Amino acid sequence: MKDLQLFDGTNISRWLWSALYFAVTFIILHYTAHFWSAFNAWQIGYDPHFSYNGMQSLYHTTGWSPKRVAFVYLAPPLWGLACSIVGFFGFARTKNINTHLRTFWFWLCFNGFLLYFSYLITGILSGIESSSEFYTGFVGFYVWLKWKTKTIMGILIFQIIMAVFFALVFPPMILRLNHSRRMLSVSTGRWLVLLHVFVIPLVLGCMFVLLCTFPMALNYQVVRILCCLPVLGLFLMALQYVEYQGLVIVKGGLVKRPYWQLAIVLLMLFVLSEAVLRIELVPIIQ
């Protein structure tokens, strides 16, 4: 029953590599989301600066309209949604034996969704107050449309409900990343799969993100990480009540690779985050 042993050397390798893919996609999506927002602002004549912490230098600008607000401030959540869709199709079209690539696509899909979902949650947390640091994304756009507070809250809640339905694509993906049919043969098999494939890599991946980026964009990152909790609750319900048939499992899961390779990639991610992503940049050199 080696597959059911938690702290097995092979399991630890799987967790660490999966966690690394989580951290890489989380950080890249966060940074590129701010890039697109700043790039769109530059396109309409503003002079934005951006870094991993977000977009700066637009607080005292004028000439805004609902279309301009949408073009600039809806770019990050929509970028997350687009990347999530790309990750989903990448996962579906990648052969089962390409376990590392499939794991990368899975976390790209999940973190893209998490980026989108977190902008809905921050909209609620902002209380529709322009002084709040979470006053961005959808909530800012809806205010520019001059919708009432109750209407804005209602739309955000509706979007959250729709996002929950979208998140139902993840449980079967998690089961497809399972590495052992024996694990599913026990009564708690699905919970073991969730623990091995999702929960432990997620926790380790969040630790990698904070290690590489702390204290950059800390409040947004904490909110985004905490958004995993209701999603995890949804996964638990889906795995409890939904039957998934015809799943192809690749025995052994993630192919084991030397720890020094993982250490090098993690070190590169740390250096990139600390030395490059902190720098305040203009998207296009004019």
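What counts and how
- Residues numbered from 1 in each chain as written.
- Predicted model: local features only at pLDDT ≥ 70, side-chain atom pairs only at ≥ 80, totals over all residues.
- Heavy atoms only, no water.
- Helix = DSSP H or I, 4+ residues; strand = E, 2+ residues; numbered from the N terminus.
- Contact = heavy atoms within 4.5 Å.
- Salt bridge = Lys/Arg side-chain N within 4 Å of Asp/Glu carboxyl O.
- Buried < 20%, exposed > 50% of the residue type's maximum accessible area, 1.4 Å probe, protein only.
- pLDDT = per-residue confidence, 0-100.
- Expected span 1.5 Å × (residues − 1).
- Arc of directions from axis to C-beta.
- Core = buried A, V, L, I, M, F, W, Y, C linked by side-chain atoms within 4.5 Å.

Peer 1: For this particular structure, what's the right way to read the environment of Arg102?
Peer 2: Locating Arg102 in the fold gives a position in helix H4 (residues 99-125). Considering only alpha carbons, one finds Arg102 and Gly90, 12 residues apart in sequence, at a separation of 7.6 Å. Residues in contact with Arg102, not counting those within four places in the same chain, are Phe91, Thr94, Lys95, Asn96, Arg176 and Leu177.

Peer 1: It is not clear to me how the pattern of salt bridges should be interpreted in this structure. Could you clarify?
Peer 2: As a working rule, side chains carrying opposite charge can pair if their charged atoms are close by. What the rule picks out here adds up to 1 salt bridge. Residues Arg278 and Glu274 are paired through a salt bridge, measuring 2.8 Å at the closest nitrogen-oxygen approach. Residue classification places Glu274 among the partly exposed positions, given a relative accessible area of 25%.

Peer 1: How do you make sense of the confidence of the model for the protein when you look at a structure like this?
Peer 2: If pLDDT is low for a region, its predicted coordinates should not be looked at in detail. Of all residues in the protein, 92% attain a pLDDT of 70 or more, and the chain-wide mean is 89. Confidence scores differ between elements of the protein, with helix H8 (residues 181-185) showing the lowest mean pLDDT of 69 and helix H3 (residues 75-93) the highest of 97.

Peer 1: I would appreciate a short explanation of helix H11 (residues 228-241) in the present structure.
Peer 2: The periodicity of an α-helix, 3.6 residues per turn, causes residues three or four places apart in sequence to face the same way. Between its first and last C-alpha, H11 extends 20 Å over 14 residues, near the 20 Å set by a 1.5 Å rise per residue. Residues of H11 that are buried: Cys228, Val231, Leu232, Leu234, Phe235, Ala238 and Leu239. The arc that holds the buried residues of H11, viewed along the axis, is 155°, so those residues lie on one side. Away from its buried face by more than 90 degrees, H11 exposes Leu229, Met237 and Tyr241.

Peer 1: I'm lost on unusual backbone geometry in this one. Help?
Peer 2: The bulk of non-glycine residues show a negative phi, and the bulk of peptide bonds are trans. Between Phe214 and Pro215 the backbone carries a cis peptide bond, its omega angle lying at 0°. Position of Pro215 among the secondary structure elements: in the loop between helix H9 (189-213) and helix H10 (218-226).

Peer 1: What exactly am I supposed to notice about the nonpolar core here?
Peer 2: For soluble globular proteins, nonpolar side chains are generally found buried alongside one another. Core analysis: the largest hydrophobic core is formed by 84 residues, its most contacted members being Tyr52, Phe106, Phe110, Phe170 and Phe198. With 15 residues, the single largest contributor to this core is helix H1 (residues 9-43). If we skip the residues at most four places from it in the chain, Phe170 touches Ser84, Phe106, Cys109, Phe110, Phe113 and Phe235.

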